Each structure stands twice: as structure tokens, then as C-alpha cells.
Amino acid sequence: MSRLGTITRRTLLVGAVAVAGGAAFGIYQIRKPVENPLTPDQGATLNPYVIIDTSGITIIAPRAEMGQGVHTTLAALVAEELDVDFASIRVEHGPPSSAYYNGALMHAALPVADYAMKDWQHTVVGGLAAASKLLGLQVTGGSTSTVDAFEKMRYAGAGAREALKAVAAERLGVDRAALRTEGGFVIAPDDTRIPYAELAMDAAARPVPDVGLRPQSDWTLLGRALPRSDMRAKITGQAQYATDIPLPGLKFATVRICPHLGGGMAGFDPAPALDLPGVERVIDMGNGVAVIARNTWAAMEGAKAVQVDWTPAPLPADMDGMFTAIAAAFDTEPNSTLRDDGDTSALPDSAINVEYRVPFLAHSTMEPQGATAWLQDGQMTIWAGNQAPRICVQVAAEAAGVPEDAITLHTTFMGGGFGRRAETDAVAQVARIAAEMPGTPIRLTWSREEDMRHDFYRPAAMARMQGAVADGRISHFNAAIAAPSVTRAAMTRIMGSAPGGADKGHVEGAFDQPYAIPNYRVAGHLADLDVPIGFWRSVGASFNGFFHESFVDELAHAAGADPLAFRLAHVAPESAVAAGVLERVRDMSGWDTPLPEGRARGVAMTWSFGTPTAVVLEIARAGGRMRVDRAFMACDPGLALDPGIIRAQMESGLIYGLSAAVMGEITFTDGRADQENFPDYDGLRMFNTPQIDVAILQDNPHMGGVGEPGTPPAAPALANAMFALTGTRARSLPLRDVADFVV
Amino acid sequence: MSITLTVNETEYRTDAAPDTPLLWVLRDELSLTGTKFGCGIAACGACTVHVDGQAVRSCQVRLADIWGPVTTIEGLGDQTPLQAAWERHQVAQCGYCQSGQIMQAADLLANNPSPTDDDIDAAMGGNLCRCGTYTAIRAAIHDAADQMGGAQ
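These numbers come from a predicted model, not from an experiment.

Engineer: How should the overall build of chain B be read in this particular structure?
Structural biologist: Tallying secondary structure elements over chain B gives five helices and five strands in all. Start at the N end of chain B and walk to the C end: the helices and strands fall as β-β-α-β-β-β-α-α-α-α. Its C-alpha atoms give chain B a radius of gyration of 15 Å, within 12% of the compact-globule value 15 Å for 152 residues. Its C-alpha atoms give chain B principal-axis dimensions of about 50 × 35 × 25 Å. Residues classed as buried in chain B amount to 57% of the 152 residues present. Restricting to contacts in chain B with at least 6 residues of sequence separation, those with at least 24 account for 61%.

As C-alpha cells, then:
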């Protein structure tokens, strides 16, 4: 049961002591507190991250736990300083609050390649955390959670520990420095043991002593593979997702929204639905309907039965029309040229000119979109898996017509996120339905078909690549990238308008790669195509990694060079860290040893979200079909806080990327997605997932993310391996269009 | 009209429509939410439960057709060798598919106490995991098989 108790965002705790200050300018500013949003029913809260009561210790990990293990690592940061038994702590998401701003989101703000950032630039970026604090950006994304939390959550643990010791010191009449802490107890020199719970109320009411952080050499939790805090709940069916909340008198809802994206509804007849057993109500949602029933199946059957007159989508009628709209962007002025070294205008006659393209993709989380809401006496309670709690509150308030401070949001576990749960569409829907039915709790579950047809898709994208080699090296590399802008689409949804200026996210994974090339240009062109698009695991790097690393392979072939040695020759002068991951996959995969007939290897390396990640794939032809047999990955996220979770994220990112590379494709006819369920849009399964070896290096001086960097190198490594095996270069995805895979 | 069914050794009576899939009877009528909805067409395995000791996709079993006692993840117990292996290998990420994965793996081991990799591929191929926990699942199944064999 929740230890948070009743939370209203206006409530300021008695004795609230904030120890989570800004990481602004790299200096911990303990005297600039954030408001503590926690108001536990029992026990005491020492800061926004720690609640102590007689039944134990609860750590608030204010980032979305969507499978990436963030709850475990964030809790370990607090526990490392707090001296509690890690196995016995509870971890919760916490409420929507500006206290939980993500200071590291701004790491992506400077128009500079991460690998090339100077120390002063890292300092500037640290200062930008203040902007995130000011805006109260409580957002999970961009592989930033651990970077953001690394100092402030350890300070939260240390501050709480010292406050508890200060209270104990007063009671015992001894000096605080004479006390030690262990396993949730303050221990006096005479071995008197006082449980934290007996000290917490007083500790919460006093200022936090100045504290420093323990040196890495003293760590007992960080740097180790810890048991995940959510594991037992998830293997016993006890973990609660947004549609698992038991409530009295619960009714079950689903929606059917105009499948022609951007279209609407001219009219509908609910009668056929209302004739079905269990269907109780059909609600007009403006551009579609919601059906309320005694169970979800009845609601879904009802939704299918409603007669609806849809209006058309304002989109090109087919994929040719969509790619024509994307290609048209090449003729416009580039939005960005964040890489523009030397002169790429005068290409030699031997230059290669090729075009690449990738399709739209769905997130396809295992858990379809859904949420639960209950309006009682003007107060609305919402349960939702989400990556942006404060934005959820805003859209729910608007949809339900209630003030924001009448909304309580509980963030539940998420059945996958991958960027999809940064969107708030299902939350707005459930709020609207619950507002139509005051007093009745509503559990909204989308069908898989609704989920696949109403995604915020990874955009289709194209690249025109020009390049040349001279003396075994790349002399020219000129990339033009065209796609609709995810950043602008998402910011327009959230803020009502899009930021101007260079869109860095659009060209990430291409402009910011650590290659020493004298004439090197990456131009980003923003396409005018209004398909709903959003953040999809690794965002721009999900397509730019494919373009960049496939084309590097083409240039290696043109130079007659080994693709891995060729990369190293260009990368080593720019970044020893990136060279390190390439060398490691070379050694792990036995790259320099020949393979038997019918087998081949491919390599790719992408630096994204602060972490260079190299992949070698070994593929085999078996009975005319292609299969990926082995995968070797090396990443360098710098300090590795939990190698078990990092390994799991690397495997996960790779499989997500390979699934898309082999079979991922969303196409539209009249603005309606042609794919509707897993048989049309599948992922890798047990039988076609390769054996995966992961190496984690720690030579990177700056901590990087781990949730996304495994994805970008997957597709190019596979396409490059296919070239090595067949001599055919795949310049579009998915690869099942050009080869028969084991699926 | 009401229909009686036995779930996790408890008898329930429901007046839901006879066509209602077992999945939604479990989740919405009986509040047993450990079993998950993923696709509704037997393409992902998230809803896997046992009926009369056999793994089935509960989204495809009509309430009126249930032919034996039902076991869900809640009824499997929480200390089975399979779950212990899942914990040792830290299998779950988002966790949403894991109830179905575990129920399917339990069925596999009940029929085949020492499965090969090919056996695991064949038995588990219908269970999708978008987080990509497959290598950990494979290792956990082998581990559980070893533990259970060792106990015999």
C-alpha cells in the first residue's frame, strides 16, 4: 500500500526539509530548497526522496519505471548514503511536483556533439539544470535519469542520515561524529541502537547538517548488480499497472477514435453497441467514441459495433505521397548544419551518391495505452503509467474541466514506455470519460488495434549521402537528412508552439559522431508532413545511426578497407573512448578470424545519449533464410552504477532496434495505419533473438545514459553484415523486404 | 444465467455473458489482474494461464467453454523454483509479459523437465517481450530445470 498517503500539491509539509538542491554549476546548493510534496499518513518525510515510518523506509524514485530499472538505481543512490537494508526498502514513483525536475534534460541543449564537449561546456550544461528546475520539468526521457540523480539523490540520503544522527546525538548527549549508522539504525559508541523510525519525526523538523558525499571507494551498493526493487512484484503478478487498480463500482471503457489520422467524426449511431450484453453507455469523444461496459471485452465489442461516419485525414493518400512530402524538404533551406567542417561542395568524380530511407514505426509497448480515473466530489484521482506527471495533470484538468489542484495523479508501473508514455492522450481521455460519469471509477483500456493506429510514430526519414575516399580515408562526407521534426511536433503538443532554431534531435546520431573527416557536413531538413510523431527509443539516432553507419560502411568498401579497422582509423584521433568500444567488440567477436562460408559479420558504432556503443552482429544463412546468430556489444557509459541493469538495457535496446530493422514498418492508406496487431507489426521472439554478449567499459569521463544507446547501432550492424554476406547494400528498412529472415 | 468456474482452487460464480473471454472474466469480473491483456488474438502470450493444467491463451477461451480448473499467476504460488530462477536471473524489465512467460514456462517444464534450447524456442515462441528479456528467460528456464531435476 502506498506510503504517500493523501497528497495535494498545495500542501507544504510541517517540518519539510529539502536537501535536494540544484546541481547548478556543479555546486550543491543546500540552501535553495525545493518544496517537499510528500505528506505521509504516518511517519515522517525528511526530504522529497525519503519517508521513514515504523514499518520501514520508502524511497521516492521520481522517474518512470517502464522496465529500465531506474527505480532500483535511483533508490540505491539514496541508500548508499542512508545506510539502510537495500532488500527491505520500498520504492515509489512519488507525486507530480516541480521538486522532481530533471536537471539533466538540458544536457541535450547545447548544439555541440557530446563526445567533443569541453569541460567548460559541461559546466554550462550543468548551469542549464537551473532552467529545468525553474520549469519544473518532471520528465523521464533522453536516458537522463541517472545522470540527473547521481548527486542529488546521494545528497538526499546523506542529509537524511546526518539529520537522524543529529537527533540521536541530542538524545544521547554525545557528539554526532561519534555516532555511526547501519541497516536503518543509528548506533552509539556503547552499541545503543536507535531505529531511524524513532528519530524521523524530530529529524524532519530540523535543518539538515552540512554533509559531503562518500568517496566511491566506500560504496557498497553502487557499482554492483543489485536485485531489482520491482522484481518480486513482477514475477508474482502483484505489480500494479494503470489498469490493475481495484476500485468499488468500477466500470470499464475503451475508445474508438477516427483511424484516419487528423480526421474526425461526422456522426455516429450508438444503438448497435447498446444492444450488446454488458454495454452501458456510449460517449461522444468529438473525434470518436468511448464505450462504457461491465467489462473491457464488452466495451471493445461495443466499440466495434458503433456505426461511425468518419471524416477524411488531411494527409497524403499513400506512402508515395508521404515520401514525396519528405523528399520535398531536401529542396528547402536546411534547418541545421550542426556539422559543417571543411568544404563538401567540391566532390571528386569518384564520389558516391546514394539515398536512404526508413519507415514510420510504432512503439508497440506490451501494455496498450490505458489509465484509470475517478471523479468524486469535484476531486479527480488518476492512475496512469506516464513519463511526464505534471503534463498529465494539466491535460487531465483541461479534459475534465476541473482545476489542476483538484487532481491527484498516481504514477503506476508501465508495461513498456520507449517514449510512448511521454504522451498524454489516454490520460486526457480517461479524465474526460470520468468527468462524464461522476462518482464512477473508470478503467480505460485501448485495444491493440487502437494502440497501433493511434501512436505517435517514429517518423519516416530519408537521407541523401555523398562521400568520397582518398588514400584509404574518408575525404568527404556530406549528409542531408529529411524528416518531419519530432521535437517540434512534441513541443507543439505540450506548449502550443514549437521552438525555433536548430533542431538538434533531428540530426542526433549523424552530426555528432566522433569521426575525423576533413570535409564533413550534416544538414537537417524539416519536412512538412503532419502525421502524429513522437519520441521513439533513441529518437533521431534511431534513423541517423542507420544512415551514418551504413554509409561509413559503403565508404570502407570503396576504400577496400576492413570496415572495423576503417572506423578505428577515423575514430581514434577524435575519441579514445569511442575507439575503446570498437576495439572491444573487435576482440569479443573474433572480428579478425575468418568465418565459414554462409556466415558474415557487420559492425556499427553510434555515440548517443552520452554513451558510445558498438555492435558486431554475426549472421548466417540457413536453408535460404537469414538469421542473426550472435551479437557482441560494447558500451562506455562512464561510471557504471549497476552493471546488471546496464547489461539488460543494452540487450533490450539492441533487440528493440533489431526488431525494427528486420520487420518494423507502419504504412498509411488514406491516413490510416495499415498495421493493427502483432501479426502485422511483430518484434523479435525467443527463437530469432541472437545470443548476446555485452561489455561495459568505464573510460568515459562523463556519465552517459543506457536506456537508448543500444538501439541505434542495431540496424546498421545488421545491414552491414548482410552486405558482407550477400554483396547487396540495403539502403532502406525493414530488411525483410530484401531478405528472408527467420521470423 | 450464471456460470461457475474454479480459479486458483476457489470457486467463483459470474453472470457475465457466456461469450466473454476468460481473460476478461479474470481481470474485470474477478479482479485477478496478474493476467495481462496484450493483443486479444493469441499473438503475444501475455494472457497465458493454465486450464486443467495446460497453458492456454485466456483471450481465446470463452467463459462457457472452460473445461477445467483455472490457474493464474496468482495461483502459481510465489516461491516456485521457476520464480526463484526468474529472480536469480533478474529477468523482468517492464514486467508486463512476465506472468504469461512464467505460466508458459511452467507448462513447458511440466511436460519436459530438461528442455533443450530448441525446445525452449518452440515452447516460448508465442510469448512476445518488447523489452527483450529473452536471453534471461532462456537462462532462467535452464536454471529452473536444473534445480527441479536436482530436487528429484
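Having seen it, we continue.
Engineer: Would you explain the overall build of chain A in this entry?
Structural biologist: Assigned secondary structure in chain A consists of 18 helices and 27 strands. For chain A, whose C-alpha radius of gyration is 27 Å, the value lies close to the compact-globule estimate of 27 Å for 743 residues. For chain A, the spread of C-alpha atoms along the principal axes amounts to about 85 × 70 × 50 Å. Considering only residue pairs separated by 6 or more positions, chain A has 78% of its internal contacts joining residues 24 or more positions apart.

Engineer: Honestly, the UniProt feature "domain: Aldehyde oxidase/xanthine dehydrogenase a/b hammerhead" (unreviewed entry) in chain A in this entry has me stumped. Any pointers?
Structural biologist: Mapped onto this structure's residue numbering, the UniProt feature "domain: Aldehyde oxidase/xanthine dehydrogenase a/b hammerhead" (unreviewed entry) falls at residues 236–314 of chain A. Secondary structure within residues 236–314 of chain A divides into 18% helix and 35% strand; the distance between the first and last C-alpha atoms comes to 47 Å.

Engineer: Would you take a moment to explain the sheet that holds strand E18 (residues 442–445) of chain A for this structure?
Structural biologist: Strands pair in a sheet through their backbones, by hydrogen bonds, and they do so in one of two ways: parallel or antiparallel. Residues and elements named next belong to chain A. Pairing in this open sheet of seven strands is mixed, and the strands run E10-E11-E8-E18-E15-E16-E17 from one edge to the other. Each edge of the sheet is formed by a strand with only one pairing partner; in this case those strands are strand E10 (279–284) and strand E17 (407–411). Here the average twist between neighbouring strands, direction ignored, is 20°. Running over the sheet, helix H9 (residues 389–400) touches strand E15 (370–376), strand E16 (379–384) and E17 and is turned about 135° from E17.

Engineer: It is not clear to me how the domain arrangement of chain B should be interpreted in this structure. Could you clarify?
Structural biologist: Many analyses report the size of an interface as the accessible area lost when the parts associate. Residues and elements named next belong to chain B. Split by domain assignment, chain B resolves into domain 1 (3–75) and domain 2 (81–151). The centre of domain 1, based on its C-alpha atoms, is set 21 Å off from the matching centre of domain 2. Contact with domain 1, which involves 14 residues of that partner, is made by eleven residues of domain 2. For the side of domain 1 that touches domain 2, the element with the highest residue contribution is strand E3 (residues 48–51), accounting for three residues. The residue inventory of the side of domain 1 that touches domain 2, partitioned by class, reads six nonpolar, seven polar and one charged.

Engineer: Explain the domain arrangement of chain A here, please?
Structural biologist: All names here are of chain A. When the domains of chain A are assigned, the result is domain 1 (24–235), domain 2 (251–312 + 369–445) and domain 3 (319–361 + 456–737). A straight line from the C-alpha centre of domain 1 to that of domain 3 covers 36 Å. On the side of domain 3, 27 residues touch domain 1, which itself brings 22 residues to the contact.

Engineer: Help me understand the interface of chain B and chain A, please; the structure alone is not making it clear to me.
Structural biologist: With 47 residues of chain B at the interface, the matching set in chain A holds 50 residues. The greatest single-element share of the side of chain B that touches chain A, amounting to four residues, is contributed by helix H5 (residues 134–151) of chain B. Of the residues that constitute the side of chain B that touches chain A, the class distribution is 23 nonpolar, 16 polar and eight charged.

Engineer: Just checking my understanding: could you explain the pairing of strand E1 (residues 3–7) of chain B for this structure?
Structural biologist: The side chains of a regular strand alternate, residue by residue, between the two faces of the sheet. Residues and elements named next belong to chain B. Pairing analysis gives five bridges linking E1 to strand E2 (residues 10–14), with the strands arranged antiparallel. Across the sheet, the residue bridging to Ile-3 is Thr-14, located in E2. The hairpin formed by E1 and E2 contains two residues between the paired strands, and Asn-8 there has a positive phi angle of roughly 50°.

Engineer: Explain the packing of helix H2 (residues 81–88) of chain B against helix H3 (residues 98–111) of chain B to me, please; I cannot follow it from the model alone.
Structural biologist: Axes are the key here: two packed helices are described by the angle between their axes and the distance separating the axes. Residue and element names in this part refer to chain B. Closest axis-to-axis distance for the H2/H3 pair is 10 Å, and the angle between their directions is 125°. It follows that H2 is oblique to H3 by the angle criterion. Our pair here, H2 against H3, has a crossing hand that is right-handed. Taken together, the residues of H3 that come into contact with H2 (itself represented by Leu-82, Gln-83 and Trp-86) are Ile-102, Ala-105, Ala-106 and Leu-109.

Engineer: Hey, could you run me through the sheet that holds strand E4 (residues 90–92) of chain A in this one?
Structural biologist: Residues and elements named next belong to chain A. With mixed pairing, the four strands of this open sheet are ordered in space as E1-E2-E3-E4. The open sheet is flanked by strand E1 (44–47) and E4, the only strands paired with a single partner. In this sheet, neighbouring strand axes are inclined to one another by 25° on average, regardless of whether the strands run parallel or antiparallel. When strand E2 (residues 50–53) meets strand E3 (residues 56–60), the two strands line up antiparallel, connected through four bridges.

Engineer: Even after reading the chapter, I still don't get the confidence of the model for chain B, so can you show me in this structure?
Structural biologist: Close reading of the predicted structure is inappropriate where its pLDDT is low. Chain-level statistics for chain B give a pLDDT mean of 96 and a share of 98% at 70 or above. Prediction confidence for the complex, expressed as pTM and ipTM, is 0.94 and 0.98 respectively.

Engineer: I would appreciate a short explanation of the nonpolar core in the present structure.
Structural biologist: Taken as a class, soluble globular proteins show a tendency for nonpolar side chains to be buried jointly. Counting 281 residues, the largest nonpolar core has Val-291, Ile-382, Ala-396, Val-615 and Leu-718 of chain A as the members making the most contacts within it. Residue contacts for Leu-718 of chain A: discarding those within four places in its chain leaves Gly-602, Leu-617, Val-628, Leu-658, Ala-661 and Leu-735 of chain A.

Engineer: I keep staring at the confidence of the model for chain A and nothing clicks. Help me out?
Structural biologist: On average, residues of chain A score 91 in pLDDT, and 93% of them are at 70 or above. Here residues 1–32 of chain A scores under 50 on pLDDT; set against residues more than four positions off or in separate chains, the count is 91 contacts.

Engineer: What am I meant to see in unusual backbone geometry here?
Structural biologist: Generally, phi is negative for residues other than glycine and the peptide bonds are trans, each holding for most cases. Residue and element names in this part refer to chain A. Residue Leu-733 is joined to Pro-734 through a cis peptide bond whose omega torsion reads 0°. Inspection of the secondary structure assignment puts Pro-734 in the segment after helix H18 (714–726). With a phi close to 50°, Asp-377 is a non-glycine residue in the positive phi region. Here Asp-377 shows up in the loop between E15 and E16. For Asp-377, a count of 8 C-beta atoms within 10 Å puts it in the exposed group. Of note in the backbone geometry, Phe-418 takes a positive phi value of approximately 60° without being a glycine.

Engineer: Which parts of the structure should I look at to understand helix H7 (residues 296–305) of chain A?
Structural biologist: Side chains three or four residues apart in an α-helix point the same way, a direct result of the helix having 3.6 residues per turn. With eight of ten residues buried, H7 of chain A is to be regarded as a mostly interior element. Buried within H7 of chain A we find Thr-296, Trp-297, Ala-298, Ala-299, Met-300, Glu-301, Gly-302 and Ala-303 of chain A. For H7 of chain A, the elements touching its buried residues are strand E8 (251–257), helix H6 (271–274), E10, strand E11 (288–293) and E18 of chain A together with helix H1 (22–29) of chain B.

Engineer: Where do I start with the environment of Ala-384 of chain A in this structure?
Structural biologist: All names here are of chain A. By the secondary structure assignment, Ala-384 is in strand E16. On the neighbour-count criterion, Ala-384 (27 C-beta atoms within 10 Å) is buried. Setting aside residues up to four positions removed in sequence, Ala-384 forms contacts with Ala-242, Ala-371, Cys-392, Leu-409, Thr-411, Thr-412 and Val-427.

Engineer: What should I look at first to understand the packing of helix H1 (residues 70–82) of chain A against helix H3 (residues 145–172) of chain A in this one?
Structural biologist: All names here are of chain A. Closest axis-to-axis distance for the H1/H3 pair is 6 Å, and the angle between their directions is 35°. Along this stretch, H1 crosses H3, giving a crossing that reads as right-handed. For the pair H1 and H3, the contacting residues are Val-70, Thr-73, Leu-74, Leu-77, Val-78, Ala-79, Glu-80, Glu-81 and Leu-82 in the first and Ser-145, Thr-146, Ala-149, Phe-150, Met-153, Arg-154, Ala-156, Gly-157, Ala-158, Ala-160 and Arg-161 in the second. Residue composition of the contact of H1 with H3, by class: twelve nonpolar, four polar and four charged.

Engineer: Sorry, what's going on with the environment of His-50 of chain B here?
Structural biologist: Residues and elements named next belong to chain B. Relative to the elements of secondary structure, His-50 occurs in strand E3. Residue His-50 is classed as buried on the basis of its C-beta count, with 22 C-beta atoms lying within 10 Å. When near neighbours in sequence (up to four residues on either side) are disregarded, His-50 contacts Ala-55, Val-70, Thr-71, Met-103 and Asp-107.

Engineer: Is there a simple way to think about the environment of Val-738 of chain A in this case?
Structural biologist: Residues and elements named next belong to chain A. For Val-738, the location among the structural elements is in the segment after H18. Overall, the presence of 17 C-beta atoms within 10 Å leaves Val-738 in the partly exposed class. Val-738 sits 588 residues away from Phe-150 along the chain, and the two C-alpha atoms are 45 Å apart. When residues no more than four places from it in sequence are discounted, the contact partners of Val-738 are Thr-728 and Ala-730.

Analysis parameters
- Residues numbered from 1 in each chain as written.
- Chains lettered and ligands numbered in written order.
- Predicted model: local features only at pLDDT ≥ 70, side-chain atom pairs only at ≥ 80, totals over all residues.
- Helix = DSSP H or I, 4+ residues; strand = E, 2+ residues; numbered from the N terminus.
- Rg over C-alpha atoms; globule rule 2.2 N^0.38 Å.
- Buried ≥ 20, exposed ≤ 12 C-beta atoms within 10 Å, placed from the backbone.
- Contact = placed C-beta atoms within 7 Å.
- UniProt positions renumbered as here; feature names shortened; annotations may be inferred.
- Pairing = 2+ DSSP bridges.
- Axes fitted to C-alpha atoms, helices over the stretch in contact; angles between N-to-C directions.
- Domains from an automatic or database assignment.
- Nonpolar A, V, L, I, M, F, W, Y, C, P; charged D, E, K, R; others polar.
- Parallel < 35°, antiparallel > 145°, perpendicular 65-115°, else oblique.
- Left-handed = near helix turned anticlockwise from the far one by under 90°.
- pLDDT = per-residue confidence, 0-100.
- Core = buried A, V, L, I, M, F, W, Y, C linked by C-beta atoms within 7 Å.

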